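Structure at a glance
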Amino acid sequence: MDAWFSYRLSDFILFSERVYWRLFDQVNTLAGALLPVLIALGCLMLVGVWSRHRTVQTATAFLLAALWISSAFLFLWHYYAPVNWAARYAVPFFLLEASLIALMSLTRQLTRPLMRNDPRLWLGFSLLAYALAIHPLTSLLFGRTFDSAEIVGLSPDATAIATLGILLITARPLALWLLLPIPLAVCMLSALTLYSLGTPEAWILVIVLLVILVALLTPKLNLHDGNDAVIANARDW
Amino acid sequence: MSDTHSGISRRRLVQQSLALAGASLLPARSWPETRPAVRTRAIPSTGEAMPIVGLGTWITFNVGNDATLLNESAAVMAAFFEAGGRMIDSSPMYGSSQDTLGFGLDTLGSSTPVFSADKVWTSNANNGAGQIEHSQQRWGVPRFDLLQVHNLVAWEPHLRLLRQMKAAGEVRYIGITTSESRRHAEFENVMHGQPLDFIQVSYNIINRDIEDRILPLAMDKGIAVIANRPFQQKQLIHRFEGKPLPAWASEFEAENWAQFLLKYVISHPAITCTIPATTRVDHVRENLACATGPLPDANQRERMAAYVRSL
Ligand SMILES: NC(=O)c1ccc[n+]([C@@H]2O[C@H](COP(=O)([O-])OP(=O)(O)OC[C@H]3O[C@@H](n4cnc5c(N)ncnc54)[C@H](OP(=O)(O)O)[C@@H]3O)[C@@H](O)[C@H]2O)c1
């Protein structure tokens, strides 16, 4: 295995920046008529995460899980794996994340336990809104067309950012620590890939990671089940 | 692995969709009639003439299922053959490049003059034969002209296998590759101890490590040399573009930096062939044009290296 130590990160980038962005073109074309549906479902999640209604919470979590599965098969397996063999090995992790989201939802670990004035709630909303509404537009910002827009449910990065947002809003401690690693790893690996390709979009993912770090390090944001008492009083939000 | 099937069906799928779209841009033709005479060097072990400029596929041909880019790659291959090129180099390490080559060869018809150079790249000695068979299927060739042990990975068992294959007529030439200077001592040892037709090493006007020992040894032992990374993966083009090309470059008909850099590489007498990679038809033509004009002599080569150092 010592052969592996002789490689640098850039040696693992087997494709060009042009090929990478065209993958999104292709997956968006494949999604075709489903694209507006995906965008609408994303907006539903934005509403869903506000809710304290159990059915809505469960439906939102299952929708998020489904988006991890669609991004795993439509993007990773079908388009990314042919140009990057490592993408194939990411698929099981995407499926694991989807399963854990469903499990955490069923065991009432995704219930929005935060006070309305908790900054983490607002950081979470910002990330989710960014993933749904602004991240797709970055293709235009960086001189490409909307055809290669990164849509939640197709693009792993957009799906991971949306998930990080949703976790900040809804996750209790157990769910947070179980569900954070995979989307964080997606953001880190994508940042490294984009950096190696020499594209400035890498910094978006670095900023997302910093936002999460800030959210986790802010003492006020440490969750304790003691919060439940406060939440009980805040049910009338 | 399931890649064999997915690779082939992917190619067929794309071809079918292109055919349906009426996008038959590259009709099959008889290549020998359309090819110009280019400068060749003899492969020492057989005397077979090899055009001195070939084509690499690392990154440039890894385009996945993208029909547009597959067509562009096939157009690069067509321009390459039209301009007199033969050797195309790939590896199972290069993502979908082998599938792209298979697509291109299918599109261009069976009479292409391709000299297929591929590699075995697996640390598991038992997987070598299966990997080679899989690579042949992806290219769509019955056998490779040249098989190389990629980056010396598990070179002992793989070279044993390649020797057996050569003896059985399943491959015409065998060799080893590296792109890392720190492996050169080990590389030399293999050159000393093993019968090889080819070596493949990195060589360009900035990275001249092999000039001292490896190239003289190759000449001494009668081993053909493929120079990879002639542009150091485009870094040299970026580094020198904007800098003035010396007026005396016209003495050996280098019209731009790419040709200046390439002519430096192929003018070394020990180099049999260099394999610049490209996604562009105009670049492949520019590169092959180096194989038709004059080359710098030893004095001009020194002047070229000194000029580049001074920039
Ligand atoms: N260990 C090994 O076995 C090993 C290691 C390294 C490489 N290799 C082989 O050697 C091949 C060549 O090395 P490489 O691909 O790393 O680098 P390279 O050939 O030095 O550079 C490739 C780059 O040069 C640019 N280029 C080509 N022709 C040009 C021209 N006329 N004008 C301007 N730019 C031009 C291409 O960009 P455009 O697309 O814009 O033309 C491409 O990005 C590889 O593809 C691979 O087959 C083997």
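Rules behind the numbers
Along each chain, residue indices are assigned from 1 in the same order as the chain's sequence is written. The lettering of chains begins at A and the numbering of ligands begins at 1, in the order of writing. The model is predicted, so local features are restricted to residues of pLDDT at least 70 and side-chain atom pairs to those at 80 or more, both for listing and for counting; the totals for chains, interfaces and linings are taken over all residues. As a convention, hydrogens and water are excluded, and side-chain values are obtained from all of the structure's heavy atoms. We place a 1 Å grid over just the protein atoms. Points where a 1.4 Å probe fits but has no way out form a cavity, open points with protein on both sides within 12 Å along at least 5 of 7 lines form a pocket, and any residue with an atom within 4 Å of a point lines it. Grid points are joined across faces, edges and corners, and a volume is the space filled by probe spheres set on the points. A run of DSSP states H or I qualifies as a helix once it reaches four residues; a run of E qualifies as a strand once it reaches two. Both are numbered from the N-terminal end. Residues are grouped as follows: Ala, Val, Leu, Ile, Met, Phe, Trp, Tyr, Cys and Pro are nonpolar; Asp, Glu, Lys and Arg are charged; every other residue, Gly included, is polar. Two strands pair if DSSP finds at least two bridges between them. We call two residues in contact when some of their heavy atoms are within 4.5 Å. Helix axes use the C-alpha atoms of the stretch in contact, all axes being lines fitted to C-alpha atoms, and the angles between their N-to-C directions lie in the range 0 to 180 degrees. Relative accessibility thresholds used throughout: buried, under 20% of the residue-type maximum; exposed, over 50%; partly exposed, between the two (1.4 Å probe, protein chains only). Put simply, angles under 35 degrees are roughly parallel, angles over 145 are roughly antiparallel, angles from 65 to 115 are roughly perpendicular, and the rest are oblique. Should the near helix be turned anticlockwise from the far one by less than a right angle, the crossing is termed left-handed; should it be turned clockwise, right-handed. Patch members must show over 30% relative accessible area and no salt bridge, and they are joined within 9 Å when carrying like charges or within 5 Å when they are nonpolar side chains of Val, Leu, Ile, Met, Phe, Trp or Tyr. Computed with the Shrake-Rupley method and a 1.4 Å probe, the accessible areas treat only the protein chains shown as cover for residues. Basic side-chain nitrogens of Lys or Arg form a salt bridge, by our definition, when they fall within 4 Å of a carboxyl oxygen of Asp or Glu. For a crossover, the right-handed case is the one in which the path from the first strand over the helix to the second runs clockwise, viewed with the strands pointing away from the viewer. For a helix, the expected span equals 1.5 Å multiplied by the residue count minus one. Only Phe, Tyr and Trp rings are paired, with Trp represented by its six-membered ring, and only when their centres lie within 6.5 Å; those with planes under 30 degrees apart are stacked, over 60 edge-to-face, the remainder tilted. Two limits define a charge over a ring: the Lys NZ or Arg CZ must be within 6 Å of the ring centre, and within 35 degrees of the ring normal.

Observations regarding empty space enclosed by the protein
Empty space among the atoms becomes visible once a probe the size of a water molecule is rolled across them. All names here are of chain A. By the definition in use, this model includes seven cavities of 30 Å³ or more. As a volume, the largest cavity reaches approximately 80 Å³. Around the largest cavity, the lining residues are Gly 48, Val 49, Ser 51, Gln 57, Thr 60, Ala 61, Leu 110, Thr 111, Arg 112, Ile 166 and Thr 170. Among the secondary structure elements, those contributing two or more residues to the lining of the largest cavity are helix H4 (54-83) and helix H8 (156-170). In terms of residue count, the dominant contributor to the lining of the largest cavity is H4 (three residues). Taken together, the residues that form the lining of the largest cavity break down as four nonpolar, six polar and one charged.

Some remarks on the sheet that holds strand E8 (residues 224-228) of chain B
Residues and elements named next belong to chain B. Strand order in the open sheet made by the seven strands is E3-E4-E5-E6-E7-E8-E9, with parallel pairing throughout. The open sheet has two edge strands, strand E3 (87-89) and strand E9 (273-274), and neither has a second partner. Across three bridges, the pairing between E3 and strand E4 (residues 115-120) is parallel. Paired with Met 87 across the strands is Phe 115, a residue of E4. Contacts between helix H7 (residues 184-193) and the sheet are confined to strand E6 (171-177) and strand E7 (198-202), with E7 contributing the most and set at about 170° to the helix.

Description of the pairing of E7(B)
Residue and element names in this part refer to chain B. For E7, a buried count of five out of five residues is recorded, marking the element as mostly surrounded by other parts of the structure. Side chains Phe 198, Gln 200 and Ser 202 of E7 all project onto a buried face; the interleaved residues Ile 199 and Val 201 project onto the opposite face, where all are buried too. Judged from the three bridges that link them, E6 and E7 form a sheet pairing that is parallel. Looking at E7, one finds that Ile 176 is bridged to Ile 199.

Description of the packing of helix H10 (residues 257-266) of chain B against helix H12 (residues 298-310) of chain B
Residues and elements named next belong to chain B. For the pair H10 and H12, interaxial distance at closest approach is 10 Å and the crossing angle is 125°. Relative to H12, the element H10 lies oblique. Crossing of H10 over H12 shows left-handed handedness. In contact with Trp 257, Phe 260, Lys 263 and Tyr 264 of H10, H12 contributes Arg 301, Met 304, Ala 305, Tyr 307 and Val 308.

Examining a nonpolar patch on the surface
Residue and element names in this part refer to chain A. Residues Ile 69, Phe 73 and Trp 77 make up a contiguous nonpolar surface patch of about 290 Å² in total accessible area. Note that Phe 73 resides in helix H4. Residue class for Phe 73 comes out partly exposed when judged on its relative accessible area of 39%.

Quick word on the pairing of E8(B)
All names here are of chain B. With five of its five residues buried, E8 lies for the most part within the structure. Because side chains alternate across E8, one face comprises the buried residues Ala 224, Ile 226 and Asn 228, and the other comprises Val 225 and Ala 227, equally buried. When E7 meets E8, the two strands line up parallel, connected through five bridges. Paired with Ser 202 across the two strands is Asn 228, which belongs to E8. Taken together, E7, helix H8 (residues 214-221) and E8 constitute a β-α-β crossover, and its handedness is right-handed. Note that E8 and E9 share two bridges and pair parallel.

Considerations on helix H10 (residues 181-197) of chain A
Residues and elements named next belong to chain A. An ideal rise of 1.5 Å per residue puts 24 Å on 17 residues; H10 measures up with 24 Å between its terminal C-alpha atoms. Residues of H10 that are buried sit in contact with helix H2 (17-31), H4, helix H5 (86-106), H8, helix H9 (173-179) and helix H11 (202-217). Downstream of H10 by one or two residues, Gly 198 has phi in the positive range, about 80°.

Remarks on the packing of aromatic side chains
Using the criterion set out here, one finds 27 aromatic pairs over all chains in the structure. Taking the centre distance of 5.0 Å and the plane angle of 70° together, the rings of Trp257(B) and Phe260(B) count as edge-to-face. Of the two residues, Trp257(B) and Phe260(B) both sit in helix H10, three residues apart, roughly one turn of that helix. Side by side, Trp257(B) and Phe260(B) carry an identical accessibility label, which is buried. Arg144(A) extends its terminal NZ or CZ atom over the ring of Trp21(A), reaching a point 3.6 Å from the ring centre. Taking NZ or CZ as reference, Arg301(B) lies 4.1 Å from the ring centre of Tyr264(B), over its face.

Let's talk about the packing of helix H6 (residues 119-134) of chain A against H11(A)
Residue and element names in this part refer to chain A. Close contact between H6 and H11 brings their axes to 10 Å; oriented N to C, the two are set at 160°. In terms of axis orientation, H6 runs roughly antiparallel to H11. For the element pair H6 and H11, the recorded crossing hand is left-handed. Across the interface between the two elements, Arg 120, Leu 123, Leu 127 and Tyr 130 of H6 pack against Ile 204, Val 208, Val 211, Ile 212, Ala 215 and Leu 216 of H11. Considering only residue class, the contact of H6 with H11 consists of nine nonpolar, no polar and one charged.

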